[in-house]
Amino acid sequence: MALGGIDYFIIIVYLIGTVLFGMYIGRKMKSGDDYFLAGRSLPWWAIGMSLVVTDIGAVDMVGIAGAAYLYGIVLGNYDWLGSVPVMIVGAFLFIPMFWKSKVSTIPEWLGARYNQSVRTISAVIWGIVTAFGLGVTLYATALMFNLLLDLNPKVVVVTESQPVREKVVDATGAGKSHDFIFLSDYSQIQQVIDDKDPNLVLIDQDWSGALSSESAIISFDENEITSDWGEAMMNKARPPTWTLMYSIIIMSILIGTYTLFGGLKAVVYTDVLQCVVMLGGSLFVLFFGIYRLGGISEFVSIIQSLGPRAQDHFELILSVDTATPHPWSGIFLGLGLVLANAYWFGNQNMVQRTLGARSEADAKASYVFGSILKILIPFAMVIPGIIALAHNPNITDADKAMATLVKDILPTGLLGIFFAAFLAGLMSSVDSALNSGATIWTKDVYQKFVKPNATPADLLIIGRWITGAMLAIAIFFAQFATRFESIYDLSQTILSLFQGPSLAIIAIGMLWKRATGKAALVSLLSGVAFAGMLMWVNNNASVPLFQVSEPFLYVAWWSFVLSVVILIVVSLNTPPEPESKLKGLVYRYE
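We now turn to the structure provided with this report.

Here is what the cut-offs are and how they apply
- Residues numbered from 1 in each chain as written.
- Predicted model: local features only at pLDDT ≥ 70, side-chain atom pairs only at ≥ 80, totals over all residues.
- Heavy atoms only, no water.
- Helix = DSSP H or I, 4+ residues; strand = E, 2+ residues; numbered from the N terminus.
- Rg over C-alpha atoms; globule rule 2.2 N^0.38 Å.
- Buried < 20%, exposed > 50% of the residue type's maximum accessible area, 1.4 Å probe, protein only.
- Contact = heavy atoms within 4.5 Å.
- Areas by Shrake-Rupley, 256 points an atom, 1.4 Å probe, with all protein chains shown as cover.
- Lys, Arg positive; Asp, Glu negative; His and termini not counted.
- Charge placed at Lys NZ, Arg CZ, Asp CG, Glu CD.
- Polar contact = N/O pair within 3.5 Å; in protein donor to acceptor, adjacent residues only side chain to side chain.
- Pairing = 2+ DSSP bridges.
- Right-handed = clockwise from strand over helix to strand, strands pointing away.
- Axes fitted to C-alpha atoms, helices over the stretch in contact; angles between N-to-C directions.
- Parallel < 35°, antiparallel > 145°, perpendicular 65-115°, else oblique.
- Left-handed = near helix turned anticlockwise from the far one by under 90°.
- Phe/Tyr/Trp six-rings, centres within 6.5 Å; stacked < 30°, edge-to-face > 60°.
- Core = buried A, V, L, I, M, F, W, Y, C linked by side-chain atoms within 4.5 Å.
- Patch = residues over 30% accessible without salt bridge, like charges linked within 9 Å, V, L, I, M, F, W, Y side chains within 5 Å.
- Salt bridge = Lys/Arg side-chain N within 4 Å of Asp/Glu carboxyl O.
- Nonpolar A, V, L, I, M, F, W, Y, C, P; charged D, E, K, R; others polar.

This next bit is on the overall build of the protein chain. Helix and strand counts for the protein chain stand at 26 helices and 4 strands. Whereas a compact globule of 590 residues would reach a radius of gyration of roughly 25 Å, the protein chain reaches 25 Å, a difference of no more than 12%. In the protein chain, which comprises 590 residues, the share counted as buried stands at 59%. In the protein chain, 83% of the contacts between residues at least 6 apart in sequence involve partners at least 24 apart. Split by element, the accessible area of the protein chain, about 22200 Å² in all, is 63% carbon and sulfur. Charged side chains of the protein chain number 35 positive and 43 negative; the gap between the two group centres comes to 18 Å.

The next point concerns helix α8 (residues 106-113). Across the 8 residues of α8, 6 count as buried, placing the element largely inside the fold. For α8, the set of buried residues is I106, P107, W109, L110, G111 and R113. Two to three positions downstream of the cap, the backbone nitrogen of E108 sits 3.0 Å from a side-chain oxygen, assigning the N-cap of α8 to T105.

As a further point, take the pairing of strand β2 (residues 179-183). Counting buried positions over the 5 residues of β2 gives 5, a clear majority of the element. Alternating positions in β2 separate into two faces, D179, I181 and L183 on one and F180 and F182 on the other, with burial throughout. Examined bridge by bridge, strand β1 (residues 154-158) and β2 share 5 bridges and lie parallel to one another. Residue pairing across strands places K154 opposite D179, the latter belonging to β2. Handedness of the crossover joining β1 and β2 through helix α10 (residues 162-172) is recorded here as right-handed.

A separate point is the packing of helix α9 (residues 116-148) against helix α19 (residues 401-409). Two numbers describe how α9 lies on α19: the axes approach to 9 Å, and their chain directions differ by 25 degrees. Judged by the angle between their axes, α9 and α19 are roughly parallel. In the crossing of α9 with α19, the sense of the turn from one axis to the other is right-handed. Contacts between α9 and α19 involve M144, L147 and L148 from the former and A403, T404, V406 and K407 from the latter.

Our next topic: the packing of aromatic side chains. Within this structure, the stated rule accounts for 18 aromatic pairs. For the pair Y343 and W344, a centre-to-centre distance of 5.2 Å together with 90 degrees between the ring planes defines the contact as edge-to-face. Per residue, the accessibility class of Y343 equals that of W344, and both read buried. Ring centres 6.3 Å apart and planes at 40 degrees place the aromatic pair W557 and F560 in the tilted group.

Take helix α16 (residues 348-355) next. Most of α16 is tucked away: 8 of the 8 residues are buried. The set of residues buried in α16 consists of Q348, N349, M350, V351, Q352, R353, T354 and L355. Measuring from the side-chain oxygen of the N-cap residue of α16 to the backbone nitrogen of N349 gives 2.8 Å; that N-cap residue is N347.

In this section: the nonpolar core. Counting 167 residues, the largest nonpolar core has F98, F299, W344, Y367 and M381 as the members making the most contacts within it. With 17 residues, α9 is the largest single contributor of residues to this core. If near-sequence neighbours (up to four positions away) are discounted, F98 is found in contact with V103, I106, W109, F345, V351, L355, I506 and M510. Of all hydrophobic cores here, the second largest spans 18 residues; its members include V164, V168, I225 and M233.

A word on a nonpolar patch on the surface. On the surface, a nonpolar cluster with roughly 570 Å² of combined accessible area is contributed by L316, I317, V320, W328, F332 and L337. Residue placement: L337 occurs in helix α15 (residues 328-346).

With that out of the way, let us pick up the pattern of salt bridges. With the rule as written, the count across this model stands at 9 salt bridges. Between K374 and D79 there is a salt bridge; the shortest N-O distance is 2.4 Å. Here K374 is found in helix α17 (residues 360-374), whereas its partner D79 is found in helix α5 (residues 77-80), with 295 residues between them in sequence. Per residue, the accessibility class of K374 equals that of D79, and both read buried. Across the salt bridge formed by D444 and R119, the nearest N and O atoms sit 2.7 Å from each other. Linking D444 in helix α20 (residues 414-450) with R119 in helix α9, this pair joins segments that are 325 residues apart in sequence. Given a relative accessible area of 0%, D444 falls into the buried group. For R119, a relative accessible area of 12% corresponds to the buried category.

A few words on unusual backbone geometry. With a phi close to 60 degrees, K102 is a non-glycine residue in the positive phi region. Turning to its location among the elements, K102 is positioned in the loop between α7 (94-101) and α8. Of note, D197 is a non-glycine position whose phi angle comes to about 45 degrees, a positive value. Checked against the element boundaries, D197 lands in the loop between α11 (189-196) and β3 (200-204).

What follows covers the pairing of β1. For β1, a buried count of 5 out of 5 residues is recorded, marking the element as mostly surrounded by other parts of the structure. Every second residue of β1 is oriented toward a common face, with K154, V156 and V158 on one face and V155 and V157 on the other, all of them buried.

Here we come to the sheet that holds β2. Read from one edge of the open sheet, 4 strands run β2-β1-β3-β4, paired in parallel fashion. The sheet terminates laterally at β2 and β4 (216-220), the two strands that pair on one side only. Direction aside, the axes of adjacent strands within the sheet are offset by 20 degrees on average. Across 4 bridges, β1 lies against β3 in parallel orientation. Across the sheet, residue V158 finds its bridge partner in β3, namely I203. Strands in contact with α10 are β1, β2, β3 and β4; relative to β2, the strand with the most contacts, it is inclined by about 155 degrees.

A few words on the environment of L545. Structurally, L545 can be placed in the loop between α24 (517-540) and α25 (552-572). Expressed as a C-alpha distance, the spacing of L545 and P393, which sit 152 residues apart in the sequence, is 32 Å. Look past the residues within four positions of L545 in its chain and what remains in contact with it is L534, V537 and N538.

Taken N-terminus to C-terminus, the directions of helix α18 (residues 377-391) and α19 make an angle of 65 degrees; their axes are 9 Å apart at the nearest point. As summarised for this structure, α18 and α19 are arranged roughly perpendicular, according to the angle between their axes. Here the hand of the crossing between α18 and α19 comes out left-handed. Side by side, α18 and α19 meet where A380, M381, P384, I387, A388 and H391 of the first sit next to A401, M402, L405, D408 and I409 of the second. Counted by class, the contact of α18 with α19 contains 9 nonpolar, 1 polar and 1 charged residues.

Here you go:
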């Protein structure tokens, strides 16, 4: 279903309205504290909704549905196990400690608990990762934008053979940059050419006939399909008039505008609106998608009929030797004990909202409220990804699964509303990363090393400059996201490189007063280096260290274990921190 006039009207009104609303909220911004922490005035309900929509923003709306298209309901563990129980624990243990310390960033807390070296290194790591992660988010945003607006260049492949279709996509390497249209009925070729105006048409040589098109029309044989052949075919394709980078730049300008002027307060209150729109739209697709398939029993039957590729799609727990990145051992150790805790206790994007809460009670309640909303997310994001598989098992890029489903099944009008829902989640991810990244670079780097005596007005100005700079850097990073099969796996891989060591020094530091600054520094550096080494060895060894395709869960677990051991051993062999330094920073040590 193509977008109609009413759809474009809804989208334009939503985009302009969100930007103006964010700018209106930030009109009285006067200081860095206003910009970075909303003047510590945020209520629990707004923070809770902002937490949820940020967590399930661009990467999840595109990536987790795409991962579910590939692997199934096991992705629900990332919310049911990786969010709900962890957020409850955080609400009553870690979040109150952060809020009472009156810091602006996690690295600032680490500096107070340990030393300034730990703070600086943690800030630099987080600052770089945030910029790169923002690039991935912008890519996901543009991917969805292009697909829903039908802006991607197209390749028509005409063959009755499914293996040949897969070979063509692999050989051309254009599965992410182009939309592939597969035909088996040769009588439809001219009609599709007229309707879709493809950039390239590839036809099995068993067919002969006359066609009219401005694009290259090439016959091929299965035996000639190689990577060189694929490259040659794409070189003959008509150059696209619109690329993914154009959409990345447009979305960057729109989202960057209200974030630049409105700060955290604008981010949180626009997120409230976006949470309502996004959850409502996603849950509608869940019910309408199942209805279109003929009901739940028919939906299950279609998935089961797909054979080995979908045999585990309704299994919440997968065996240790599964070929997917989500074995039960990795889910329990890497996700349940490390990545989930590191994400909700040590991720600046998440924690910064609670630091802006108007009271300790609001900070706690926001995490509890957010955990309740998170129960809904697998229904809103994961199951629609499986519905997309039942609807169309031939999608060449899994990250396009949700957008393809929405575009195919929703009628005009509803399509525009759901597009607005998608934009809600996508925009939330970008604005959150921008604001948290700017906070770290301003408070932990600029104010500490460049201008220690900076006034609140100075911090506001430099914060806005850094926000713009981060946006530019993220646009550059966004182009590299196309090299990965799943952007969800990519985002988790990035986090796994440092979140294990980060969690170790945060959790042990808050729960054990004997942990020392020297030990934390050694633990952090050693853990990050070890995680990077595990990834490198696994990717380059003749026999991989791990059986799964993307071992980020195991990398997170083992880097966390090593960091904990080093932190404890070195702490016991170095002088303890002064008692006066630890008060208020260690649990139940006032």
